[in-house]
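# Secondary and tertiary structure notes
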Amino acid sequence: MTSTLETTAVHTARRFEPRRRTPGQAFLHVLRRIPTWVAVVVLLVVFAYPLFWMVINSFKSNSDFLNNPSYAMPEVWQWSNYAVAWETGNLSTTITNSIIVTIPSLVFIVLLGTAAGFALEVLVFKGRGTILLLFLAGIMIPGQMIVLPLFNTFFQLGINGSHWPMILIYTAAGLPLTVFMMATYFRAIPREIFEASTLDGASMVRAFFSIGFPMMRNAVVTVAIVQFFLIWNDLLIALIFGGKKSLNTIQVGLLNFSGEYGAINYGPLFAAICITVFGILILYLFLNQRIMKGLAAGAVKG
């Protein structure tokens, strides 16, 4: 009988000991990080200082703003500037009008643009490349060139003096960029997903609303935010097609702070700008992660 000796190796867990840096290595590590810290501080100053400058000037009187450096703190804090800004700029009406114009425009842009991007990238038909190029050509058309024909068209249709001209123009102006971005995002989705839904009996409309649109949530948020800023900050279209004071948007309302002979009441003007800017800034901070995910999704091809 042969006996076999079996040996079993016993592994003992080693205690992890972090590598200690010598004083010279620690100094070099800190030295290498100094350029990064300097760059962060510079970027922070570049982006934060304009906001700080705007806020401190919103509490100044006209004489304080004109006679002292713009970066100086207010001599007397004029808290009433915000009440004057709300009343003079008619902000309750102008903000409401901006919301009434912006929300429907975004809904039309997102629905029509996403559907067009789905059709141009997922469906297979002759001439889809030419159609996409035609959409891209719309980006190169300056808005100033079509203002007069549009004004005459809306006048003949009898819809001047309402929000509809602005909504239609913003929708048409936002579609070219939206269609191009959505086509890029749909390109990152594997075509086999939609082919499988077709084999399961789903129509193209159901495949779009049940599969395509839900998969584009981050992209939709990204496109909506981009178009939101373009529409919200527009002055030309709102000034021309608003027609009357009751239809003024927020950007047109800021013109109310320019008095006779071009005199400007700077304190309330900066207060009104602060009200609008910080509201949008808070919205952006809440949706920042969605925007980053949407941009990353459009940069990857599946």
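Each remark here, short or long, concerns the structure printed above.
Report on the accompanying structure. Numbering of residues starts from 1 in every chain and runs along the sequence as written. Per-residue local features are limited, in this predicted model, to residues with pLDDT of at least 70; the limit for side-chain atom pairs, both in listing and counting, is 80 or more; totals at the level of whole chains, interfaces and linings are taken over all residues. With hydrogens and water stripped out, all remaining heavy atoms of the structure feed into the side-chain values.

On to the environment of Y185, then. Checked against the element boundaries, Y185 lands in helix α7 (residues 164-187). The cut-offs for exposure are 20% and 50% of the maximum accessible area for each residue type, with area from a 1.4 Å probe on protein chains only; residues under the lower value are buried, those over the upper are exposed, and the others partly exposed. Exposure remark for Y185: the relative accessible area of 6% places this residue in the buried category. Each helix corresponds to a stretch of at least 4 residues labelled H or I by DSSP, and each strand to a stretch of at least 2 residues labelled E; elements are numbered beginning at the N terminus.

Here we come to the environment of T96. Here T96 is to be found in helix α4 (residues 91-121). Linking T96 and T249, residues 153 residues apart in sequence, is a C-alpha distance of 7.8 Å.

Residues enter patches when they are more than 30% accessible in relative terms and free of salt bridges; like-charged ones are connected within 9 Å and nonpolar ones (Val, Leu, Ile, Met, Phe, Trp, Tyr) within 5 Å. Per-residue and other accessible areas were derived by the Shrake-Rupley procedure at a 1.4 Å probe size, with only the shown protein chains allowed to occlude residues. Only one rule defines a salt bridge in this text: a Lys or Arg side-chain nitrogen within 4 Å of an Asp or Glu carboxyl oxygen. A cluster of nonpolar residues, L28, V30, L31, I34, W37, V38, V42, L43, V46 and F47, forms a patch on the protein surface that exposes about 920 Å² of accessible area. As for its placement among the helices and strands, L31 is situated in helix α1 (residues 23-57). Given a relative accessible area of 42%, L31 falls into the partly exposed group.

Let us now look at the packing of aromatic side chains. Aromatic pairing here means that ring centres of Phe, Tyr or Trp (its six-membered ring) are within 6.5 Å. Orientation follows from the plane angle: under 30 degrees is stacked, over 60 is edge-to-face, and everything else is tilted. This structure, assessed with the given rule, holds 16 aromatic pairs. Pairing W77 with W79 gives two aromatic rings, centres 6.2 Å apart and planes at 25°, and the pair type is stacked. Taking the relative accessible area as the measure of exposure, W77 reaches 38% and is therefore partly exposed. The exposed category is assigned to W79, whose relative accessible area is 60%. On the basis of an interplanar angle of 70° and a centroid distance of 5.5 Å, the ring pair of F118 and F186 is categorised as edge-to-face. Separated by 68 residues along the polypeptide, F118 in helix α4 and F186 in helix α7 bring together distant segments of the chain. Per residue, the accessibility class of F118 equals that of F186, and both read buried. Pairwise contacts between aromatic rings join F118, F186, F208, F209 and F213 into one cluster.

Purely geometric numbers; function is a separate question.
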